[in-house]
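A look at the structure
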Amino acid sequence: MEAKELLKRYAAGERYFPNVDLSHASLQEVNLSGIVLKRAILEATDLSRSILVGADLNGVILKQANMVATRFN
């Protein structure tokens, strides 16, 4: 799934995105509060300055992900 599609669906109210592959995606400075990304692949994904409050990140692969200043609470 492309980051653009995920953001569109999230904006429409969808929160459940298990097993999604967002490797190398650009998701900086976005609010993804309450998103479910169980077992997602976020390898080398840019999540800097994003908001992930209440996100379910169980089993997520974050190898080389940029999470500088990402908020979790």
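Above this note sits the structure.
The present account deals with the structure reproduced in this document. (Residues numbered from 1 in each chain as written. Predicted model: local features only at pLDDT ≥ 70, side-chain atom pairs only at ≥ 80, totals over all residues. Heavy atoms only, no water.)

**A look at the pattern of salt bridges**
Let me state the cut-off plainly: What makes a salt bridge here is a side-chain nitrogen of Lys or Arg within 4 Å of a carboxyl oxygen of Asp or Glu, nothing more. Exposed residues in this analysis have more than 50% of their type's maximum accessible area, buried residues have under 20%, and partly exposed residues fall in between, with area computed by a 1.4 Å probe over protein chains only. A run of H or I in DSSP becomes a helix once it reaches four residues, and a run of E becomes a strand once it reaches two; helices and strands are each numbered from the N terminus.
If you walk through the whole model with that rule in mind, you get three salt bridges. Arg9 is the partner of Glu14 in a salt bridge, and the nearest nitrogen-oxygen pair spans 2.7 Å. Residue classification places Glu14 among the partly exposed positions, given a relative accessible area of 30%. We classify Arg9 as partly exposed; its relative accessible area is 28%. Where Glu29 meets Arg49, a salt bridge forms, and the shortest distance between an N and an O atom there is 2.9 Å. Within this pair, whereas Glu29 is found in the segment after helix H1 (3–11), its partner Arg49 is found in the segment after H1, the two being separated by 20 residues in sequence. The partly exposed category is assigned to Arg49, whose relative accessible area is 44%.

**Section: H1**
Under the convention used in this document: Directions pointing from the helix axis toward each C-beta atom define the arc.
Those residues of H1 lying buried are Ala3, Leu6 and Tyr10. Angular distribution of buried residues about the axis of H1 spans 60 degrees; they occupy a single face of the element. Away from the buried face of H1 by more than 90 degrees, exposed residues Lys4, Lys8 and Ala11 are located. Following H1 by one or two positions, Gly13 has its phi on the positive side, about 110 degrees.

**Considerations on unusual backbone geometry**
Positive phi, close to 60 degrees, is recorded for Ala44, a residue that is not glycine. Relative to the helices and strands, Ala44 resides in the segment after H1. Given the relative accessible area of 24%, Ala44 is considered partly exposed. Phi at Arg49 takes a positive value of approximately 60 degrees, unusual for a residue other than glycine.

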